[in-house]
Each structure stands twice: as structure tokens, then as C-alpha cells.
Amino acid sequence: MTRELNPKTALVTGGSEGLGLELVRTLSDRGWDVVTDARNGDRLHANLTDLPARSRVRAMPGDVADAVHRGLLVDLVAELGGLDLLVLNASTLGPLPMRPLRDLTAVELGDTIRGTAGANAALMIELTDQLLRRDGVVVGISSDAAVEHYETWGPYGAAKAALDHLVQTFGAETGLAAYAVDPGDMRTRMQQDAFPDEDIADRPLPATVVPRLLALVAQRRPSGRYRASDIELPAREDVVA
Ligand SMILES: NC(=O)c1ccc[n+]([C@@H]2O[C@H](COP(=O)([O-])OP(=O)(O)OC[C@H]3O[C@@H](n4cnc5c(N)ncnc54)[C@H](OP(=O)(O)O)[C@@H]3O)[C@@H](O)[C@H]2O)c1
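Here goes a summary of the coordinates provided. (Residues numbered from 1 in each chain as written. Predicted model: local features only at pLDDT ≥ 70, side-chain atom pairs only at ≥ 80, totals over all residues.)

**Considering the overall build of the protein chain**
- From N to C terminus, the protein chain includes eight helices and seven strands.
- Computed over the C-alpha atoms, the radius of gyration of the protein chain is 17 Å, within 12% of the 18 Å expected from 2.2 N^0.38 for a compact globule of 241 residues.
- In terms of its C-alpha atoms, the protein chain occupies a principal-axis envelope of roughly 55 × 35 × 35 Å.
- Per-residue burial over the protein chain gives 42% buried out of 241 residues.
- Excluding contacts between residues fewer than 6 apart, the proportion of contacts in the protein chain whose partners are at least 24 apart in sequence is 69%. (Helix = DSSP H or I, 4+ residues; strand = E, 2+ residues; numbered from the N terminus. Rg over C-alpha atoms; globule rule 2.2 N^0.38 Å. Buried ≥ 20, exposed ≤ 12 C-beta atoms within 10 Å, placed from the backbone. Contact = placed C-beta atoms within 7 Å.)

Okay, structure coming up:
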């Protein structure tokens, strides 16, 4: 692990597995202070136990849709002196198995959009002062479903489209760098839940996406929507972020 004299601070929502966990590990390896959460506290702590003793990862179990939990996250970030990077990663597919719109209740539809877009956006807004203190970067994790229309992906796609919009509006209003990033398919629990009958071994691991995400953050490209596969890695990937 590299330890910086003035470590940067990141908050990654949904850091107990998949892309979020890989981001937490990589940022920690690079000497960042990292705050993360997930609803299942046992899994969150279990999957972070092998980090080096000197790592400064703060794992706070909770649901990003819970205002009290978000308040605790904001307080912790304030204690750390502000936020350099906010990654809005926590998400669900909505009710499983995924169903066509005509088979969903209004509550299921609203809960899915509120859980992914509303909750993450509320946290972003509540962290405005902490982001401004460090000229921080916001990354909303998106999906191709935010712009394409796949059968049974309606609530999830709508939630991701809303999050894209809210993140980029936040960037326009604050002047902070704000990105919506489509990571592409990854071999994770979410991918398996979406395709329960498929062998997903051919999907790339989240570890292939993280360097591209962090390259985007380090390069401070103009705010906007990006696909991870389009983000080029610098020649020496180890010098980014
Ligand atoms: N995997 C793909 O192929 C793919 C493709 C395109 C986009 N994405 C996006 O990439 C991101 C990561 O996906 P992934 O595949 O890594 O997902 P994943 O394996 O299902 O992990 C999701 C993480 O978010 C946490 N989480 C979910 N809801 C939460 C909430 N309300 N509050 C706090 N934590 C919450 C989960 O823990 P708990 O369940 O314990 O809360 C878990 O740590 C998501 O935004 C997803 O939409 C994924």
C-alpha cells in the first residue's frame, strides 16, 4: 500500500461486493481514506477483513435510502476534512425475477427508482459542502439500460437514467466534475441475478473496470456520460488517482 502525506478521501456506496468492493480495495491500496456502506453489515465487514491493518477504510453498514444512515456518512466525511471522490454505486435491479412493466405495482416501480436514483442523489446533495471543500469529483455508476430499452429492465433503466440526469445537473449547478459512467457487463451477483439461467463466466471482472474509472477521475475530463470501455488507460496506470 502507498501512503500519501495528505491522503485523499472517497466515499463509495455499496462497497461489500462487486464493483464497489473492487473500488474500495483499489483506492485503499493507493493510500486513500475510504468510507463505504452496504445494507448487509456482516457481508460488508467479512469482505473487507483481509485489508492491510494500516488501511483506513471505514465500513458503515446501512441503507443509502435511510436518511439517518446518510447523516452518519456525511458526519464521518466531515470529520475526515471533506470529499475528493464520491462514487454512487449502490443499486439493485428492483423486484426479482425481473418482470415487464404491466406486471409491476406502482410501489415496486417507485421503490426501485427511489432506491437507486433518489437515495444516491440525496446523499450527493447532502455532501455538497464536503465536495466543495476538496473540489471533489462525483461518479454516478450508470448502465446501458439508462439509454437502451430492454424488456423487463424498465424500473432499473429509469432509475439509472434519473441518476445520470441528477448527477450531471449537480455538476452544472456546482461546477464540480460530475460523471455518469456505464461500466459495461461485469461478473457480479447483480449480473447473475439478471441472468439467473446463464453462465456469466465470460463477463469481465470488476477489476477490469476500476482502472478506467480512476483514470477518468484523475484526468478530470469534462463532465458528462462515459462508457468505461471508451476510457483509455494512461501509459503508466499506476500514476493515476
Ligand atoms: N454487474 C453488471 O453487469 C453491471 C452492468 C452495468 C451497470 N452496473 C452497475 O454497477 C454498479 C455495481 O454493480 P455490481 O454488479 O457490482 O452490483 P452488486 O454485486 O449487486 O453489488 C451491489 C452493492 O451495493 C450494495 N447496495 C445495494 N443497495 C444498497 C443500498 N440501498 N444501500 C447501501 N448499499 C447497497 C450491495 O450490498 P447490500 O445488498 O448488502 O446492500 C452491494 O455491496 C451498480 O450501480 C450497477 O447498477 C452493473
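**Details of the site of the ligand**
- Taken together, 32 residues sit near the ligand, with Gly14, Gly18, Arg39, Asn40 and Thr188 positioned nearest.
- Those elements that provide at least two residues to the shell around the ligand are helix H1 (18-29), strand S2 (33-38), helix H4 (106-126) and helix H7 (189-194).
- The residue makeup of the shell around the ligand, split by class, is 11 nonpolar, 14 polar and seven charged. (Near = placed C-beta within 6 Å. Nonpolar A, V, L, I, M, F, W, Y, C, P; charged D, E, K, R; others polar.)

**Considering the nonpolar core**
- In this structure, Leu86 and Val139 are the most contacted members of the largest nonpolar core, which totals 59 residues.
- Those residues in contact with Val139 that lie beyond four places of it in its chain are Val87, Leu88, Tyr179, Val181, Leu213 and Val217. (Core = buried A, V, L, I, M, F, W, Y, C linked by C-beta atoms within 7 Å.)

**Looking at the sheet that holds strand S7 (residues 224-227)**
- Read across the open sheet, the seven strands follow the order S3-S2-S1-S4-S5-S6-S7; overall the sheet is parallel. Looking at which strands have only one partner, the edges of the open sheet turn out to be strand S3 (57-61) and S7. Neighbouring strand axes in the sheet, compared pairwise and without regard to direction, differ in orientation by 20° on average.
- In the sheet, S2 pairs with S3 via five bridges, with the strands oriented parallel. Bridge pairing in S3 links Val34 to Val57. (Pairing = 2+ DSSP bridges. Axes fitted to C-alpha atoms, helices over the stretch in contact; angles between N-to-C directions.)

**Side note on the environment of Gly175**
- Among the secondary structure elements, Gly175 is positioned in the loop between helix H6 (154-174) and strand S6 (177-182).
- In this structure the C-alpha to C-alpha distance between Gly175 and Arg114, which are 61 residues apart in sequence, comes to 25 Å.

**Let's talk about unusual backbone geometry**
- Between Leu96 and Pro97 the backbone carries a cis peptide bond, its omega angle lying at -5°.
- Here Pro97 lies in the loop between strand S4 (85-88) and H4.

**A short note on the pairing of S4**
- Side chains of S4 alternate between two faces, with Leu85 and Val87 and Leu86 and Leu88 buried alike.
- One ladder, built from three bridges, connects strand S1 (residues 9-12) with S4; its direction is parallel. Looking across to S4, one finds that Ala10 is bridged to Leu85.

**Examining the environment of Leu163**
- Residue position: Leu163 is located in helix H6.
- Sequence separation of Leu163 and Thr116 is 47 residues, and the distance between their C-alpha atoms is 7.4 Å.
- Apart from the residues lying within four places of it in its own chain, the contact partners of Leu163 are Leu88, Thr116, Ala117, Asn120, Ala121, Gly140 and Ser142.

**Thoughts on the environment of Ile141**
- Mapped onto the elements, Ile141 comes out in strand S5 (residues 137-141).
- Taking the C-alpha atoms as reference points, Ile141 and Ala180, 39 residues apart in sequence, are found 5.9 Å from one another.
- Apart from the residues within four sequence positions on either side, Ile141 is in contact with Leu19, Val87, Leu88, Asn89, Ser91, Val181 and Pro183.

**Re the packing of H4 against H6**
- Between H4 and H6, the least distance of the axes is 8 Å, while the angle of their chain directions is 20°. For the element pair H4 / H6, the angle class is roughly parallel. When the axes of H4 and H6 are compared, the crossing they make is right-handed. Residues Leu109, Thr112, Ile113, Thr116, Ala117, Asn120, Ala121 and Met124 of H4 form the contact with H6, whose own contacting residues are Pro155, Tyr156, Ala158, Ala159, Lys160, Ala162, Leu163, Leu166, Val167 and Phe170. (Parallel < 35°, antiparallel > 145°, perpendicular 65-115°, else oblique. Left-handed = near helix turned anticlockwise from the far one by under 90°.)

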